[in-house]
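# Architecture at a glance
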Amino acid sequence: MPRKAGRSPEETRRALLDAAAAVIRARGVSASLDDIARAAGVSKGGLLYHFPAKDALVRTLAQDLLDAYRAEVRAALDPADTAPGRLTRAYVRASLDTSQDEVAIRENIALIAQLMAIPEVAELARADAGRWERELHADGLPDHVVTLVVAAADGASTAPLWGVGIDVAAARKLEQQLIELTYGG
C-alpha cells in the first residue's frame, strides 16, 4: 500500500506510532508489522523505512508515551509559581488532569501494561522513573512530602484502570490537597 499522498514523513511516522498503539492495545505486543502498517495506511516497506525493525517501533512508541507525559507536566507548570515544589505541583496537575475521558485513560494504561512486558521498554521506563525521582526530589521539597504527594497522584491517576469513574470534583479536591501539602499545608 503506497504512502498516502500529501503526508509528510513526520506525519507518516506519527500515523505509524498511533497505529502501533491501537493495534498493540487490541492484539498485544505480538501484533504484526503488517497489521500496524495496514492500520497506518502505509506499506510494510514504508513502515520499515521509518522503523527498521519491530523493536525499534515499539521502543519509539514507549519513548513517545514517556515524552508525552513529560510534556504534559511541563505544560502544567505555572509560570507565576517560583516557590519550591513547582515541578511537583505541575506533576500533580498533569497526573490528575480530568480533561481526558475515562476510556482514553484506561486504554493508555492498558497499552503501557502491554509494552512493559518487553524488557527493553521496562528498562526505558525505569530510567524515566529514575529521572523523575531525581528531578522531583531536587524540586526543593522535603523528600517525605515528594514521596507522599507523587505516590498519591500516581495512585489516583490509575483508578480508571479498575473501572472507577473519574469524579471531577473529587479529583480537583485531591489535587488541591496535594498541592497544599507542597506548600507545607
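Structural notes, computed from the coordinates. (Residues numbered from 1 in each chain as written. Predicted model: local features only at pLDDT ≥ 70, side-chain atom pairs only at ≥ 80, totals over all residues. Heavy atoms only, no water.)

### Structural notes on helix H2 (residues 33-40)
Residues of H2 that are buried include every one of Leu33, Asp35, Ile36, Ala37 and Ala40, and no others. Structurally, H2 contributes buried residues whose contacts are with helix H1 (9-27), helix H3 (44-50) and helix H4 (54-75). Once H2 ends, the next one or two residues include Gly41, with phi positive near 75°. (Buried < 20%, exposed > 50% of the residue type's maximum accessible area, 1.4 Å probe, protein only. Helix = DSSP H or I, 4+ residues; strand = E, 2+ residues; numbered from the N terminus. Contact = heavy atoms within 4.5 Å.)

### Some words on a nonpolar patch on the surface
On the surface, a nonpolar cluster with roughly 350 Å² of combined accessible area is contributed by Leu161, Trp162 and Val164. Positionally, Val164 belongs in the loop between helix H8 (143-157) and helix H9 (168-182). Classification of Val164 by relative accessible area gives partly exposed; the value is 43%. (Patch = residues over 30% accessible without salt bridge, like charges linked within 9 Å, V, L, I, M, F, W, Y side chains within 5 Å. Areas by Shrake-Rupley, 256 points an atom, 1.4 Å probe, with all protein chains shown as cover. Salt bridge = Lys/Arg side-chain N within 4 Å of Asp/Glu carboxyl O.)

### A closer look at the packing of aromatic side chains
Between two aromatic rings, the relevant description is the distance of the centres plus the angle of the planes. Per the stated rule, a full pass over the model turns up three aromatic pairs. A centroid spacing of 5.6 Å and a plane angle of 85° characterise the contact between Tyr69 and Tyr91, whose relative ring orientation is edge-to-face. With a gap of 22 residues between them, Tyr69 in helix H4 and Tyr91 in helix H5 (residues 86-95) connect regions that are remote in the sequence. The interplanar angle of 70° and the centroid separation of 5.3 Å between the aromatic rings of Tyr91 and Trp132 together place this pair among those described as edge-to-face. One end of the pair, Tyr91, is in helix H5; the other, Trp132, is in helix H7 (residues 119-137), and 41 residues separate them in sequence. There is no split in this pair, since Tyr91 and Trp132 are both buried. Taken together, the aromatic side chains of Tyr69, Tyr91 and Trp132 make up a single cluster linked through ring pairs. Above the face of the Trp132 ring, Arg70 is positioned so that its terminal group lies 4.0 Å from the ring centre. (Phe/Tyr/Trp six-rings, centres within 6.5 Å; stacked < 30°, edge-to-face > 60°. Lys NZ or Arg CZ within 6 Å of the ring centre and 35° of its normal.)

### Quick word on the environment of Thr182
Secondary-structure assignment places Thr182 in helix H9. We classify Thr182 as buried; its relative accessible area is 5%. Here the alpha-carbon distance between Thr182 and Leu141, two residues 41 residues apart in the chain, equals 7.0 Å. A polar contact is formed between the side chain of Thr182 and the side chain of Arg89, at a distance of 2.9 Å. (Polar contact = N/O pair within 3.5 Å; in protein donor to acceptor, adjacent residues only side chain to side chain.)

### Some points on the nonpolar core
Core analysis: the biggest nonpolar cluster contains 23 residues, and Ile36, Leu47, Leu57, Leu61, Leu111 and Leu115 have the highest contact counts within it. Among the secondary structure elements, those contributing two or more residues to this core are H1, H2, H4 and helix H6 (102-115). With seven residues, the single largest contributor to this core is H1. Those residues in contact with Leu61 that lie beyond four places of it in its chain are Leu17, Ala20, Ala21, Ile24, Leu111 and Leu115. The next biggest cluster of nonpolar side chains, apart from the first, holds 19 residues, and it includes Ala90, Val92, Ala153 and Leu178. (Core = buried A, V, L, I, M, F, W, Y, C linked by side-chain atoms within 4.5 Å.)

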